[in-house]
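# Geometric and topological summary
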Amino acid sequence: IEEHSHTHTLSVIRSLAWRSAHLSWLRIALCDCLSIYLSIDLPHTYSMEVDECHESLSAERLNQEGNRLYSDGQYEEAIERYSQAIELDPSEATSLCNRSLALLKLNYYDQAIEDCSQALEIDPRYAPAFFARGVAHLRSNRLEQAVQDFSAALQLKPDDATALCNRAIALA
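Residues numbered from 1 in each chain as written. Predicted model: local features only at pLDDT ≥ 70, side-chain atom pairs only at ≥ 80, totals over all residues. Heavy atoms only, no water.

### Here's the deal with the nonpolar core
Within soluble globular proteins, side chains that are nonpolar generally end up buried alongside one another. Put simply, the rule is: What we call a nonpolar core is a set of buried Ala, Val, Leu, Ile, Met, Phe, Trp, Tyr and Cys residues that are connected through their side-chain atoms within 4.5 Å. The rule is simple: take the accessible area with a 1.4 Å probe, protein chains only, and divide by the maximum for that residue type; under 20% is buried, over 50% is exposed, in between is partly exposed. Where helices and strands are cited, they refer to DSSP runs of H or I of at least four residues and of E of at least two residues respectively, numbered from the N terminus. Contacts are assigned to residue pairs that have any heavy atoms within 4.5 Å of one another.
Of all hydrophobic cores here, the largest spans 32 residues; its most connected members are Leu104, Tyr126, Ala129 and Ala136. Among the secondary structure elements, those contributing two or more residues to this core are α4 (75-88), α5 (93-105), α6 (109-122), α7 (127-139), α8 (143-156) and α9 (161-171). When neighbours within four sequence positions are excluded, Ala129 is seen to be in contact with Cys97, Cys116, Ala119 and Leu120.

### Looking at the side chain of Asn98
Keep this limit in mind: Definition of a polar contact: a pair of N or O atoms within 3.5 Å, with one able to donate and the other able to accept a hydrogen when the atoms are protein atoms, and with sequence-neighbouring residues admitted only if both atoms are side-chain atoms.
Looking at where Asn98 falls in the secondary structure, it is placed in helix α5. The buried category is assigned to Asn98, whose relative accessible area is 12%. Among the polar contacts listed, one links the side chain of Asn98 to the side chain of Asn67, at a separation of 3.2 Å. Setting aside residues up to four positions removed in sequence, Asn98 forms contacts with Asn63, Asn67 and Tyr82.

### Structural notes on the packing of aromatic side chains
Given two aromatic rings, their pairing is described by the distance between the two centres and the angle made by the two planes. Condition: Think of it this way: a Phe, Tyr or Trp ring, Trp meaning its six-membered ring, pairs with another when their centres are within 6.5 Å, and the plane angle makes it stacked under 30 degrees, edge-to-face over 60, tilted otherwise.
In total, this model carries two aromatic pairs according to the counting rule given. Between Tyr70 and Tyr75, the ring centres sit 5.3 Å apart and the planes meet at 65°, which makes this aromatic pair edge-to-face. For Tyr70, a relative accessible area of 24% puts it in the partly exposed group. Judged by its relative accessible area of 21%, Tyr75 is partly exposed. Between Phe131 and Phe150, the ring centres sit 5.6 Å apart and the planes meet at 55°, which makes this aromatic pair tilted. Placement of the pair is Phe131 in helix α7 and Phe150 in helix α8, with a sequence separation of 19 residues.

Here's what the structure looks like:
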């Protein structure tokens, strides 16, 4: 009975953690709960899932550290943190998009475009990646691609005034 209870609780926590991937604060809290819960002996079959959760948690913390460095204008250091986060969790579009923004600040447009394209392969409806890739295209004078990306961002977020303005600039 005790093992069934542990199994059910772990299943609920795991399910919530994966469903809340877009809510980073909730995912961190659930992963922390999972690590506390692990002080109870669980069947060995869950070790891989727990490792994945901890990797995701570490990637999220690296991404947050990258955000802090980005805010402080330390773009090269931010790129390093985002790269570490991507290495730990290559299925996370946010870290790729964040790294692209830091790359844009350093005028590495082709690398930013590549990161955004990878982010969009992971999540084809991730508007920030369309927007960032549009900026990279605009700054590298690829106006037709910029218009396409800003238009895609606007389809996903019609009220995005910045995307609307940038699309108008690319069309001019």
